[in-house]
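Here is what each chain is made of, one letter per residue.
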Amino acid sequence: MSGTLNKVMLIGHLGDEVKMHYFEGGNCIGRFPLATNETYTNKQTGERVTNTDWHNIVVRNKAAEICEKYLSKGDKVYVEGRLKNRQWQGEDGNTRYTTEVHVQDFTFLTTKKESMANGQSSGAPANQQPSQPQTPAAPMDNTEEDDDLPF
C-alpha cells in the first residue's frame, strides 16, 4: 500500500459551547472541546475506573454555523475528520503546540434541545412511541412468514 490515511472518528460530549471566529471574506471557523470516555474495571481493586480524553474539534464555514446553532455543552455528537498539528508563539514567547480534529462529517446524536422537548412536551414522546413498536413488529412478522417458507 503506497498511500497514507489520516482519519479520525469520535463519539463524545461537548465540553463547552461552540466558539466562533469570523474572517474577512465571509469564512468562519468553530471550535469546541469533545470528551470521550474509557471505562474499565481495575482487576486488583474491582473498582470501575473512567478515563476521559479531550479532543480539540474544528469545523469550518457552514458546518460551523450549523454546530453553533444546534449544539451546546453536554450534547453528544459523532465527528469524522483528519488530525492536524499546529504550532504558534504564545504571548510569553514560548512555542505552543496543539493537535486538532478538522471535521469533514458530523452527526448530532443527542442535543439538550431535543432532550428538553421530550421531557417537557407530552406530545413528543407520544409521537415517538407508536413508531418505535412498529419498527420491531415488522421484522417479527417477516420472521413468521419466513418460517413458512420451504427453504
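For clarity, every value in this text was computed on a predicted model and none was experimentally measured.

Attention shifts here to the pattern of salt bridges. Applying the stated rule across the entire model yields five salt bridges. One salt bridge connects D16 with K19, and the closest N-O pair in it is separated by 3.3 Å. Given a relative accessible area of 29%, D16 falls into the partly exposed group. The class of K19 is partly exposed, set by a relative accessible area of 41%. The partner of R86 in a salt bridge is E100, with the nearest N and O atoms 3.0 Å apart. Highlighted residues: R86 in strand β5 (residues 76-89) and E100 in strand β6 (residues 95-110), separated in sequence by 14 residues.

Within a regular strand, side chains alternate between the sheet's two faces. Two elements, strand β3 (residues 28-41) and strand β4 (residues 48-60), share 13 bridges in a ladder whose sense is antiparallel. Its bridge partner being in β4, L34 is matched across the sheet by H55. Linking β3 back to β4 in an antiparallel pair, the connection comprises six residues, with G46 at a positive phi of about 75 degrees. Note: β4 against β6, three bridges, orientation parallel. In the strand pairing of β6, V58 is matched with H102.

L10, L14, V18, F32, L34, I57 and V79 are the most contacted members of the largest nonpolar core, which has 17 residues in total. In this structure V79 touches V8, M9, L10, L34, I57, V103, D105 and F106, once residues within four positions along its chain are discounted.

This brings us to the pairing of strand β2 (residues 19-22). Taken together, the four bridges between β2 and β3 define a ladder with antiparallel strand orientation. Looking across to β3, one finds that K19 is bridged to R31. Following β2, the chain reverses through five residues before pairing antiparallel with β3; G25 in that reversal takes a positive phi of roughly 95 degrees.

Let us now look at unusual backbone geometry. A positive phi is found at N61, a non-glycine position, where the angle reads about 50 degrees. Tracing the backbone through its elements, the reader meets N61 in helix α1 (residues 61-70). Residue class for N61 comes out partly exposed when judged on its relative accessible area of 32%.

Here we come to the packing of aromatic side chains. Aromatic ring pairs: the centre-centre distance and the angle between the two ring planes describe each pair. Tallied over the entire structure, the rule returns two aromatic pairs. Here the aromatic rings of Y70 and F108 are separated by 6.3 Å at their centres, their planes lie at 45 degrees, and the arrangement is tilted. Here Y70, found in helix α1, pairs with F108, found in strand β6; they are 38 residues apart in sequence, far enough to count as distant. The exposure class of F108 is partly exposed, given its relative accessible area of 26%. Centroid distance F106 to F108: 5.4 Å. Interplanar angle 35 degrees. Geometry classified as tilted.

Cut-off values and rules
Residues numbered from 1 in each chain as written. Predicted model: local features only at pLDDT ≥ 70, side-chain atom pairs only at ≥ 80, totals over all residues. Heavy atoms only, no water. Salt bridge = Lys/Arg side-chain N within 4 Å of Asp/Glu carboxyl O. Buried < 20%, exposed > 50% of the residue type's maximum accessible area, 1.4 Å probe, protein only. Helix = DSSP H or I, 4+ residues; strand = E, 2+ residues; numbered from the N terminus. Pairing = 2+ DSSP bridges. Core = buried A, V, L, I, M, F, W, Y, C linked by side-chain atoms within 4.5 Å. Contact = heavy atoms within 4.5 Å. Phe/Tyr/Trp six-rings, centres within 6.5 Å; stacked < 30°, edge-to-face > 60°.

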